[in-house]
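One letter stands for each residue in the lines below.
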2 protein chains.
Amino acid sequence: MKNGFHCMGKAERFSPFHSLSPLMCTFFQVSNGLAISLLCAIFGLLYAVYLIRWILKSPSGNDRMREIAEAIQLGAKAYLNRQIMSVGSIAVIIFALVWWGRGLESGVGFLVGAICSLAAGYIGMNVAVRANVRTTQAATISPRSALRVAFNGGAITGLLVVGLALLSVGFMFLAVKCLTPDPADAVRCALDALIGTALGSSLISVFARLGGGIYTKAADVGADLVGKIESKLDEDDPRNPATIADNVGDNVGDCAGMAADVFETYAVSLIGAILIGSLTASGASAESALIYPFLVGGVSVISAMVGIFFVNLINAAPARALQGGVLVSTLLSAAIFWPLTQTLFPNGVAITGKGDCSASSIFFASLIGLVMTYVVLLITHYYTSTDHKPVRLIAQASETGHATNIISGLATGLHATALPVAFIGIAIFLSYHFAGLYGIAVAVMAMLSMSGIIIALDAFGPITDNAGGIAVMAGLDKNVRETTDDLDAIGNTMKAVTKGYAIASAGLAALVLFGSYVEELKMAYERLGKHFNLAFDLQDPNVIIGLFIGGGLPFIFSAFSMDAVGKAAGAVVKEVRRQLTAKPGILEGRDVPDYGTCVDIVTKAALREMIVPAILPVIVVIAVAWAPFFGPKVLGGVLVGTIVTGLFIGIAMTSSGGAWDNAKKFIELGNHGGKGSHAHAASVTGDTVGDPYKDTAGPAVNPMIKVVNIVAILIIPVFIKLWIAN
Amino acid sequence: MKNGFHCMGKAERFSPFHSLSPLMCTFFQVSNGLAISLLCAIFGLLYAVYLIRWILKSPSGNDRMREIAEAIQLGAKAYLNRQIMSVGSIAVIIFALVWWGRGLESGVGFLVGAICSLAAGYIGMNVAVRANVRTTQAATISPRSALRVAFNGGAITGLLVVGLALLSVGFMFLAVKCLTPDPADAVRCALDALIGTALGSSLISVFARLGGGIYTKAADVGADLVGKIESKLDEDDPRNPATIADNVGDNVGDCAGMAADVFETYAVSLIGAILIGSLTASGASAESALIYPFLVGGVSVISAMVGIFFVNLINAAPARALQGGVLVSTLLSAAIFWPLTQTLFPNGVAITGKGDCSASSIFFASLIGLVMTYVVLLITHYYTSTDHKPVRLIAQASETGHATNIISGLATGLHATALPVAFIGIAIFLSYHFAGLYGIAVAVMAMLSMSGIIIALDAFGPITDNAGGIAVMAGLDKNVRETTDDLDAIGNTMKAVTKGYAIASAGLAALVLFGSYVEELKMAYERLGKHFNLAFDLQDPNVIIGLFIGGGLPFIFSAFSMDAVGKAAGAVVKEVRRQLTAKPGILEGRDVPDYGTCVDIVTKAALREMIVPAILPVIVVIAVAWAPFFGPKVLGGVLVGTIVTGLFIGIAMTSSGGAWDNAKKFIELGNHGGKGSHAHAASVTGDTVGDPYKDTAGPAVNPMIKVVNIVAILIIPVFIKLWIAN
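**Topic: the packing of aromatic side chains**
Across all of its chains, the model carries 34 aromatic pairs over all chains by this definition. Plain terms: the ring middles of B:F363 and B:F364 are 5.8 Å apart, the flat faces sit at 55° to each other, and that makes the pair tilted. Taken together, a centroid distance of 6.2 Å and an interplanar angle of 20° make the contact between B:F719 and B:W723 stacked. One end of the pair, B:F719, and the other, B:W723, are both in helix α21 (residues 678-725), 4 residues apart, so they sit about a helical turn from each other. Assigned by exposure class, B:F719 and B:W723 land together as buried. What links up through ring pairs into an aromatic cluster is the set A:W338, A:F363, A:F364 and A:F434.

Below, the structure is given as structure tokens:
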């Protein structure tokens, strides 16, 4: 296996293969490890294709249901197409800049990252908007078949994300490495290209998370404010002109946005791990250190497939079945990691700043990642599910009014930061103890390798949510809605829980990127013949200033995102009011509302409002790099500052939001007076405040902290001479 | 002047004065500079005594008014006495620990700091609860006389704070220095004692801020929830059993708590500046570097007196008069700082890590502090006053309901962090540029030197608030309440603005403390004959773990504080409901409610609930220091992490709270439907959520971030051997 990575060895510099054709190398010389990993990814994608065909073959209900589903499909597609157009123009500019600043391979890498990130979301969403109506139809038969359709719909997105991420990163790596004429430069060029790929996926995911997040919450809040509160309509009432937009939002936000986000975290963690591996590993197994992250990912695609298969097979309560699937996947991965590590690192590996690390050390580092996945899921579950004290206290606080509900929810979010961050600290400590910076990178990659099955849980949410909407709009029997509601409640908890996973893994991934920033900086100094003696010391006011600037970014970023939801929701409110005034027959069921204009308005508003917050972090990083008195130290401070406050804000916001949501659900189950009580009204307020918290600002912080770090890595060659001159 | 600081010079080691009596030295050998500064402090205190007599001589209204005022006085006194008892027992334990760990002088220093911090709040509050009724009486004559009484009442607290802080720190410094037998150790011992003083004042101020903050908001929220919302009573209606407790709360929270808080920031900044001066300044003017912070403080006592005099003299609109007073003080201080600096540093001073700094450089550093005071006041004013966009947008968002009001207010708080932190960054950059770490310390001290006049503005708020309450409860003419309401509105904006000042200066002061931590650590290593080569580098996972732990502290701390308000308010709600049910005549005005039990309940609840959040930071710091795998690096990360997130959380919370408060006021002025409209109901929700934000959690973060830093400095000698062994 160690002999596999032929392209890299300097001994092969004059290998006859290179004289044949650079591309041949891809096919004949690829490392067995990398090949296995890419094969796993392809298996995953094939399984996704199989599931797509299975979903499409499922019955899609009556004409009315199909009609509604089609409206949702059209709206979602229209939004994503326009998003591609507006992000596309920005992407072209950035592509040109990356090409100019970092060379063609980084530029192409950028495009590959951007396109695959988009594709994962796009295909996943297209499946989801077909799975929803089929879930409704299946719910007319049995809860179990509804669960299967919805879960498999989500599983497709999960498999697409991990499969495409592994494939795009692996392919870029191989292609550039083998196309580089001078093999001495090959790995370096390939890594450069991967940094481009990381930026491409991060940038798309910021836009997708923000745009989707603004869309879904503007439609939701807008529909609620006029529909539910002013006109006393029920959720998903077809007389509400914003109801289709609301259902579209679930798909573009919770499905496409989330898929792009996790795709990005996955790709970036993988790239970060490869970068750190190439920069810190040396000795006989140095090449293995590059392949190991790929294999961790590849192996886990197979475990995710087994997990998905398990959920389809087992006959248990839905929540138990889903949890069982995750458990099976995790255990299987852990079991395969052991022989994998022993084979790849028979004599261990030397890591800069850490010395020799045994295969077992590397294995333990990856185990930490798997354990962290579980720990974060459990903690977030504690703070956001109706089974535990925090949510019940919020529900109880709702009895004394809107304000106490809000205070209690805000406090819960703040409390919820303690344990995840403490465990992240422990994970950093232990994985660094086992294998230095590379250990942290391996732990992050192992944590992310679980995302195939975890996204399946997450994407399950919007499908069941939509299924319920279609049931109401199509006027199906009440027990169909009850079945989908039961699944939706599980979906809500799963969504909250996976958000904790997403932000925790994003924080860790960003730390790996900061490590890469420092290593890249070192190399840039050395290339110019300068000795690197930068310390990012807290005693240095430059570092403190950087920490303050960076620490402020997540605050300002979420402020802008929340404003954006407010503005876009305002546009929806106006349109709904206009329609209800112009056609009073709508409320009486005599006139049909014009769903299309609402979809159109919220599409435009979301795309307009996402620009400022999405561009902000990029501009700040470039401004800091360029500012005459600042330099790489301040920039280093910015990177870490963003990670520290971003992690806390992200966890606090998503936890508060999830807890408010479920406190409302808990009251609706009949507690504290149930639906229609004062406590319920207060809990609706909390839920609405939680909407932009948990679905827009909070999750968008994930890609944002990584964009900041990747842009910093990317601009090193552009600014290095300026920095050295200052 | 340079010859003045005789106790310190090694040449005088065998000075005949020492053979006479150590105490004689205090009186004969004190540096002229220090003497001048202490004289200024004494002048300030004398002026405060004069103002107290002036206030007490003012007419105190009719019997009913006096009766109500007495009830408030009794309640406030009872609370503070009990607070002294419960904090006293903790203080005795800590005194013993400090004595054991750091020697008797630190122990005595701790007591002096604790007692003076308490005294400033205690006396100030006792004056405020007498000024309130006299303000009501003056309001029956003219708005101008009401302004004078209320402002002078606040000015007393301001003068007490700065006078006592200067005097206690100066006296401790002199006393220990001159009582130390070996003059070579004298300054070192004196500084050790001052670290004790810093801890004493910080600890008291955490308790005072938290206890007072929980008290005031629990009483306020409790009174509102049952009184206003359930029973439809007006603010300060005497039929509300919690109304006296609410008025007591204004005094113990906004007056005593705030005074202890700023006393602490002042004392700690002064001590930090002296520490940094002694640790980094060298050469001919090294002694001047120790005296300069004292003189900056002393000079500004005089300018504060002039400013207070100016407000009393000038005949302008209240807001203009107050702003004029601040301007006069600032300009006067700036004008005196110039000759002062030139006299003290005729040949500049050498600063470690910076080289020679001219007198002008030191002057510019102090100028930065004065400018920062103004900048922070202006920015906070923009975000929290009814004249500008942010508050008006919140008011507008209230039209669409509770949730949009909350979202808008939360976003405003997040936005409000950007500019102050940016300017703090600029201030750090420039003052470091001028005179290294000492420059930052000087800038902070100059900023704090303005607190005499600024507290006068702040303490003015609770007095006018109380005055309005007394007017309503005593059934005075409506125009009296209108007069006090006008003043109260100004007081509200002033309170919000000075909170921005308090947190910004606290953040900077804490940074100076972090600098002291590193310098102290260095010295501790050197004393044990070890070379200090610790770097707090962001590449080191220990530092990152520290940043995460420290970054989490303000989040958890504010979560606990908000919970505390919720629990204490719950106790009030129960008691008010009990009284209204037991005696239905209360609401009809036939029965008199039992105000005393409400006061009693909220007193007990506040004291009980403050313990956990107040002790938390101390325990975390000690735990990190003691943890087997951690050490001074992780601890350093904790200190900086706490400062970074604490600053953002503090600014966001106080700004959101102030903005919500004034958005309600703006609606009550008749905008967006005025009182009684849906928008008004939503704005009341925002105001209630803002209460614990702006008056409990947010401001309590100030002393908390300093407690963390001081405890770390204090425990260095205790843990240094353990750290070196690890």
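**Let's talk about helix α7 (residues 183-230) of chain B**
Each turn of an α-helix holds 3.6 residues, which means side chains three or four residues apart point in the same direction. All names here are of chain B. With 48 residues, α7 extends 68 Å between its outermost C-alpha atoms, agreeing within 8% with the 70 Å of an ideal straight helix rising 1.5 Å per residue. Along α7, the sharpest change in direction is near 30° and occurs at D224. Judged by how many residues are buried, α7 sits mostly within the fold: 43 of 48 residues are covered.

**Comments concerning the packing of helix α13 (residues 402-415) of chain A against helix α17 (residues 541-582) of chain B**
The geometry of α13(A) relative to α17(B) is characterised by a closest axis approach of 8 Å and an angle of 150° between their N-to-C directions. Considering the angle they form, α13(A) stands roughly antiparallel to α17(B). Handedness of the crossing formed by α13(A) with α17(B): left-handed. Along the contact surface, α13(A) presents A:I407, A:L410, A:A411, A:L414 and A:H415, while α17(B) presents B:F555, B:I556, B:S558, B:A559, B:F560, B:M562 and B:D563. Broken down by class, the residue content of the contact of α13(A) with α17(B) amounts to 9 nonpolar, 2 polar and 1 charged.

**Regarding the relation of the copies chain A and chain B**
If you rotate chain A by 180° and push it 0.0 Å along the axis, it lands on chain B with an RMSD of 0.0 Å. Accordingly, the operation relating the two chain copies is best matched by a two-fold axis. In terms of C-alpha distance to the rotation axis, chain A has A:D537 as its closest residue, with the C-alpha 2.1 Å off the axis. Here 100% of the contact residues of chain A are again contact residues in chain B; the copies associate through an equivalent surface.

**Examining the interface of chain A and chain B**
Opposite the 62 residues of chain A that make contact, chain B presents 62 residues. The junction of chain A with chain B conceals about 5,300 Å² of combined surface from both sides, 84% of it contributed by carbon and sulfur atoms. Taken as a group, A:L538, A:F548 and A:F555 account for 14% of the area that chain A buries against chain B, more than any other trio of residues on that side. At the junction of chain A and chain B, the tally comes to 0 salt bridges. Connecting chain A to chain B are 7 residue pairs in polar contact (both at pLDDT 80 or more). Secondary-structure elements contributing two or more residues to the side of chain A that touches chain B are α13, α14 (418-449), α16 (478-527), α17 (541-582), α21 (632-668) and α22 (678-725) of chain A. The element best represented in the side of chain A that touches chain B is α17(A), accounting for 16 residues.

**Structural notes on unusual backbone geometry**
One non-glycine residue with positive phi stands out, namely A:H672, at about 50°. Here A:H672 shows up in the loop between α21 and α22.

**Describing the pattern of salt bridges**
This model, assessed by the stated rule, comprises 52 salt bridges over all chains. Among the ionic pairs, B:D192 bridges to B:R188, the shortest N-O distance being 3.0 Å. Here B:D192 pairs with B:R188, and both are found in helix α7, just 4 residues apart, close to one helical turn. Comparing B:D192 with B:R188 shows no difference in burial state: the two are buried. A salt bridge links B:E264 to B:K706; its shortest N-O distance comes to 2.5 Å. Taken together, the residues span a long stretch of sequence, with B:E264 in helix α8 (residues 243-280) and B:K706 in helix α21 at a distance of 442 residues. For the pair formed by B:E264 and B:K706, the shared burial category is buried. Within the structure, one salt-bridge network assembled from shared partners comprises A:K217, A:D220, A:K499, A:D661, A:K665, A:D691, A:K694 and A:D695.

**Topic: the environment of A:N62**
Residue and element names in this part refer to chain A. Here N62 is to be found in the loop between α3 (32-57) and α4 (63-102). Under the relative-accessibility criterion, N62 is labelled partly exposed at 35%. In this structure the C-alpha to C-alpha distance between N62 and A474, which are 412 residues apart in sequence, comes to 8.9 Å. Side-chain polar atoms of N62 contact the backbone nitrogen of M65, separated by 2.9 Å.

**A short note on the side chain of A:T412**
Residues and elements named next belong to chain A. Within the element layout of this structure, T412 appears in helix α13. Its relative accessible area of 7% is what places T412 among the buried residues. Looking at T412, its side chain comes within polar contact range of the main-chain oxygen of S408, at 2.9 Å. Those residues in contact with T412, other than ones at most four positions away along the chain, are Y383, P390, I394 and A659.

Scoring rules and cut-offs
- Residues numbered from 1 in each chain as written.
- Chains lettered and ligands numbered in written order.
- Predicted model: local features only at pLDDT ≥ 70, side-chain atom pairs only at ≥ 80, totals over all residues.
- Heavy atoms only, no water.
- Phe/Tyr/Trp six-rings, centres within 6.5 Å; stacked < 30°, edge-to-face > 60°.
- Helix = DSSP H or I, 4+ residues; strand = E, 2+ residues; numbered from the N terminus.
- Buried < 20%, exposed > 50% of the residue type's maximum accessible area, 1.4 Å probe, protein only.
- Expected span 1.5 Å × (residues − 1).
- Bend = angle between axes of the 7 residues up to and from the residue.
- Axes fitted to C-alpha atoms, helices over the stretch in contact; angles between N-to-C directions.
- Parallel < 35°, antiparallel > 145°, perpendicular 65-115°, else oblique.
- Left-handed = near helix turned anticlockwise from the far one by under 90°.
- Contact = heavy atoms within 4.5 Å.
- Nonpolar A, V, L, I, M, F, W, Y, C, P; charged D, E, K, R; others polar.
- Least-squares fit on C-alpha atoms with pLDDT ≥ 70 in both.
- Buried area = accessible area lost by both parts, 1.4 Å probe.
- Salt bridge = Lys/Arg side-chain N within 4 Å of Asp/Glu carboxyl O.
- Polar contact = N/O pair within 3.5 Å; in protein donor to acceptor, adjacent residues only side chain to side chain.

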